Amino acid sequence: MTAPDATSTPDTTTAPDIEALVLHRTENGVSWIILNRPEAMNAVTAEQRERVIALLDEASCDPAVRAVVVTATGRGFCAGADLRGGPASGERVAGDVARLIRSGAQRLITAVLDCEKPVIAAVNGTAAGIGAHLALACDLVIAAEPARFIEVFVRRGLVPDGGGAYLLPRLLGPQKAKELMFFGDAVPATEAERLGLVNKVVAAEALEATAREWAERLAQGPTRAIAMTKQLVNASLDGDRATALAAEATAQEINMTTADANEGVASFVERRTPKYLGR
């Protein structure tokens, strides 16, 4: 995807500004978070990860933001984690790797899952490893036709991290999730759509416009109701029926105190189009 404010490739001779490596803008109630290391297929660094987490947290807290789009520049959405600069294998002690995963990849995926605004992934190209999990953690996924999803970990002799073994069985069922993780084969966008990993596949040149259309439609909706719906759906996959129904009743009770719920009911009675304010 081409970002209006991505005017040049970062100068690799000096340490680039993190704001140049993760572009951000807010338009029409939509927070656009754009990975911008096209020369590295947007393999995500620790600094980029922390900025994305911070921007998702800001989106949750900012009433002016009512939807989020995560996307990237160039040919790749995210080729995985950029492992350069990590501790050498001989320097590790027991607990280092687990601590690194908890504080890194898992925090990134959790930030998407816990964001109080709906998050759309606009996948412009290859999404591999943590890049695939970043996309699949989003609430809605739009993929360009050239996009591919790769559980690349097995190719490197690694166990999937970044919530992969949590996300994929919930999206695909355990058998298909194991197939993708055991073999590490690339899944083209059209196949990903058939499997249910992707909501919609569009031509590459239509990706940004489609993501904008969906995001701005969400941004005009009842933001708090959507946030609570997201929480209910995500939690339902981990709990029993009684817990899910109790959470549903509580969410509806809370939501009925919002201005948007009152507006929705009033507009129905008055037979007019509701005007939601996200409050």
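Because the structure is a prediction, the values reported are computed rather than measured.

Draft legend 1. Region of interest: empty space enclosed by the protein. What the rule picks out here adds up to 1 cavity of 30 Å³ or more. Here the largest cavity defines a volume of roughly 50 Å³. The wall of the largest cavity is formed by Ala132, Leu136, Phe149, Ile150, Glu151, Leu168, Leu180, Asp185, Val187 and Leu197. For the lining of the largest cavity, the elements supplying multiple residues, two or more each, are α5 (130–136) and β8 (148–150). Its residues assigned to classes, the lining of the largest cavity comprises 8 nonpolar, no polar and 2 charged.

Draft legend 2. Broad picture of the environment of glycine 184. Checked against the element boundaries, glycine 184 lands in the loop between α7 (174–183) and β9 (186–188). Exposure remark for glycine 184: the relative accessible area of 0% places this residue in the buried category. Between the C-alpha atom of glycine 184 and that of aspartate 17, which follows or precedes it by 167 residues, the distance is 34 Å. For glycine 184, the contacting residues outside a window of four places in its chain are Ile150, Glu151, Val154, Arg155 and Glu179.

Draft legend 3. Representation of a nonpolar patch on the surface within the structure. Residues Met256, Val265, Phe268 and Val269 make up a contiguous nonpolar surface patch of roughly 440 Å² in combined accessible area. With respect to the helices and strands, valine 269 occurs in helix α12 (residues 259–269).

Draft legend 4. Main features of the packing of aromatic side chains. Counted under the stated rule, the structure contains 0 aromatic pairs. The ring of tyrosine 166 carries the charged tip of arginine 170 above its face, separated from the ring centre by 3.8 Å.

Draft legend 5. Highlighting the pattern of salt bridges. Scanning all chains against the criterion turns up 14 salt bridges. Among the salt bridges present, the one from arginine 272 reaches glutamate 263, with a minimum N-O distance of 2.6 Å. On the basis of relative accessible area, arginine 272 is assigned to the partly exposed category, the value being 34%. Between arginine 272 and glutamate 270 there is a salt bridge; the shortest N-O distance is 2.6 Å. Through salt bridges with shared partners, one network takes in Arg25, Glu27, Glu208 and Arg212.

Draft legend 6. Up close: the sheet that holds strand β5 (residues 119–123). An order of β1-β2-β3-β5-β7-β10 is seen for the 6 strands of this open sheet, with the pairing classed as mixed. The two strands at the open ends of the sheet, each matched to only one other strand, are β1 (22–27) and β10 (200–202). Neighbouring strand axes in the sheet, compared pairwise and without regard to direction, differ in orientation by 20° on average. The sheet contact formed by strand β3 (residues 67–72) and β5 spans 3 bridges and is parallel. Counted as the bridge partner of valine 69 is isoleucine 120 from β5. Packed onto the sheet, helix α9 (residues 207–219) meets β1, β2 (30–35), β3, β5, β7 (140–144) and β10 and runs at close to 165° relative to β7.

About the criteria used
- Residues numbered from 1 in each chain as written.
- Predicted model: local features only at pLDDT ≥ 70, side-chain atom pairs only at ≥ 80, totals over all residues.
- Heavy atoms only, no water.
- 1 Å grid on protein atoms, 1.4 Å probe; cavity = no way out; pocket = protein on both sides within 12 Å on 5 of 7 lines; lining within 4 Å.
- Points joined across faces, edges and corners; volume = space filled by probe spheres on them.
- Helix = DSSP H or I, 4+ residues; strand = E, 2+ residues; numbered from the N terminus.
- Nonpolar A, V, L, I, M, F, W, Y, C, P; charged D, E, K, R; others polar.
- Buried < 20%, exposed > 50% of the residue type's maximum accessible area, 1.4 Å probe, protein only.
- Contact = heavy atoms within 4.5 Å.
- Patch = residues over 30% accessible without salt bridge, like charges linked within 9 Å, V, L, I, M, F, W, Y side chains within 5 Å.
- Areas by Shrake-Rupley, 256 points an atom, 1.4 Å probe, with all protein chains shown as cover.
- Salt bridge = Lys/Arg side-chain N within 4 Å of Asp/Glu carboxyl O.
- Phe/Tyr/Trp six-rings, centres within 6.5 Å; stacked < 30°, edge-to-face > 60°.
- Lys NZ or Arg CZ within 6 Å of the ring centre and 35° of its normal.
- Pairing = 2+ DSSP bridges.
- Axes fitted to C-alpha atoms, helices over the stretch in contact; angles between N-to-C directions.

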